[in-house]
Amino acid sequence: MGWIFVFSAIAVLFRPDCLFRFGALIATSLLNLWNKLPFVPNHILFEGMLHVIMLLGLVAVLRLRGGTILTGLGAGSKRDWLFLLIVVVLKAVYHLTPAIPKGYLLGAISTALLLFAIGRVLFRSPSVGGGEDWYARFAPVVRWAIPIVYIWALIQKLNIDYLNPEVSCAAKLHNEIAIYFGGLIPTATWAQHVAIWGSFALELIIPICLFVPRLRYLGFCGAVGFHLWLAIHPAAGIFSFSTLILAILALFLATPWRKELHRLWQGQLAWLGRGNVARGRKLARWIVVIGFFACLISQGALYLIIERSFEVFQTANRIGFVAFMIWGVWLGACYLISGWRTRRAEDTRITPAIATLAWIGLLPVLANGVWPWIGGRTQTSFSMYSNLRSEGEGNHLFLKRVDWLKSQSDFVEILSSEPDILIPTNRPRGIQQFANPGLNVLPWFEFRRLVSEQPDDFAVSYQRDGEQKSLGRRGGEIYGDEAAFEPLPLLARKFVWFRRLESLDGPMPCTH
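All of these numbers come straight from a predicted model, not from anything done at the bench. (Residues numbered from 1 in each chain as written. Predicted model: local features only at pLDDT ≥ 70, side-chain atom pairs only at ≥ 80, totals over all residues. Heavy atoms only, no water.)

Caption draft 1: Looking closely at unusual backbone geometry. Cis geometry marks the peptide bond from Leu37 to Pro38; its omega dihedral reads 0°. Within the element layout of this structure, Pro38 appears in the loop between α2 (19-36) and α3 (42-72). Each neighbour pair has its own omega, and for Glu418 with Pro419 the value is -5°, a cis peptide bond. Examined against the element boundaries, Pro419 turns out to sit in the loop between β1 (411-418) and β2 (441-443). (Helix = DSSP H or I, 4+ residues; strand = E, 2+ residues; numbered from the N terminus.)

Structure (structure tokens):
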């Protein structure tokens, strides 16, 4: 699914004004997200919520212009659609039929055939208009999603441990970023307090400034500076979050600012194309595509040559960081240069809000931060790097958990296991094995996930409700609490994920 997402993104890159291609990108992004749920970072889940908003906006456009848009695809593409349908059916049969042998060769061939079929549909279809109508429906809604995330992130940080520089994530991230500057950045206690209270200030001020016309440029300066600074931290995914925020800033551009940014880019393309804007645009697209695959091949080579381990992952992550920083500095500079040139413009209008189906997409964004406080999931509830613990007695300054959902009232402490089920395997499957590895206190829900997904023999000693117990599989036969071996229901497995803890009391260490 990831490769289909990549192909859709490349198709949009070469024809960004096509509603059909952009719609395909959104759809494949959501399918890719579904395939990875629930083990995604907070911002990737948020990105999925934004794509739901965009998809709802597209549905509204199709209700008004569906016939015109479908006709615009042209009758000549029917053979391509039929070919794609046949390939999809064959791919499904390959995956769902146990009798068909699975392996790298057949898997690669079937995937390549699928990508070829998708490429025929995406790259050979005519350009489909309607992007202006779509943008008018989703852009105002996405803009309102930004302050919701910032405010939830701020609320989750209002706890006693985030304010404590000895364990605060703000202090920890500040100190670890400062290492890259060889002692030029102060890390004394006073500097850690500045990092703590500075994060509060920025997460409050940035969204306010973005919505106030006369303060919008200040908001851009704060957002660009803050997120480029955060991206320096080596933790996987932080620069990915900065990428998302920097891209969304484009939705806040007023008309004169947007036109000046367009003129700035036209000048850059003319320089790249030696006076020919069209040639420069074509070169720029190929630079992006080749650069992406160069990073991807470099990262893949590390895993093949060395091993699939956390250490190699960290090195591969820095390759992505370098690519991001080149892009991020360039985009941030373009925003600020064009904004400075139009700072005295009287026209500060941005796309006005209109009644549209897309507003429904704000509901999951609003609700996501609530989950820890009703006994629900904790890992992807906009509580990233917040030191928040809603479990046990909690550590928030004023919010207390109400157990409408019971998941946070039933905990297991793993005393020992053979093999160790709390650490990444030799061939990690995803970020779930790197999120708080080794921490041994977790809800029964996550313990059940771990136990039910163990493919081989194992043995676990654990404590639940003050009683020490054991379970496992020996010679293919399970023993112990049979309920722990029951697979989780599909929706719960996809949308619920809890962090592991060191303990239910004491200082809450910094975790994602």
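Caption draft 2: Broad picture of empty space enclosed by the protein. With the rule as written, the count across this model stands at one cavity of 30 Å³ or more. Its volume calculated, the largest cavity comes out at about 50 Å³. Lining the largest cavity are Leu37, Pro38, Val40, Leu45, Arg377, Thr380, Lys494 and Phe495. (1 Å grid on protein atoms, 1.4 Å probe; cavity = no way out; pocket = protein on both sides within 12 Å on 5 of 7 lines; lining within 4 Å. Points joined across faces, edges and corners; volume = space filled by probe spheres on them.)

Caption draft 3: Quick peek at the state of the cysteines. Using the criterion set out here, one finds one disulfide in the structure. The disulfide that involves Cys169 links it to Cys510, with 2.2 Å between the sulfurs. Disulfide Cys169-Cys510: torsion about the S-S bond near 115°, hence right-handed. Within this pair, whereas Cys169 is found in helix α7 (residues 169-178), its partner Cys510 is found in the segment after α16 (490-495), the two being separated by 341 residues in sequence. On the accessibility criterion, Cys169 (1% relative accessible area) is buried. Under the relative-accessibility criterion, Cys510 is labelled buried at 17%. (Disulfide = S-S within 2.5 Å. Buried < 20%, exposed > 50% of the residue type's maximum accessible area, 1.4 Å probe, protein only.)

Caption draft 4: Representation of the side chain of Ser110. Tracing the chain through its elements places Ser110 in helix α5 (residues 104-124). A distance of 2.8 Å separates polar atoms of two side chains, one belonging to Ser110 and the other to Lys91. Beyond its immediate chain neighbours, meaning those up to four positions away, Ser110 contacts Lys91 and Tyr94. (Polar contact = N/O pair within 3.5 Å; in protein donor to acceptor, adjacent residues only side chain to side chain. Contact = heavy atoms within 4.5 Å.)

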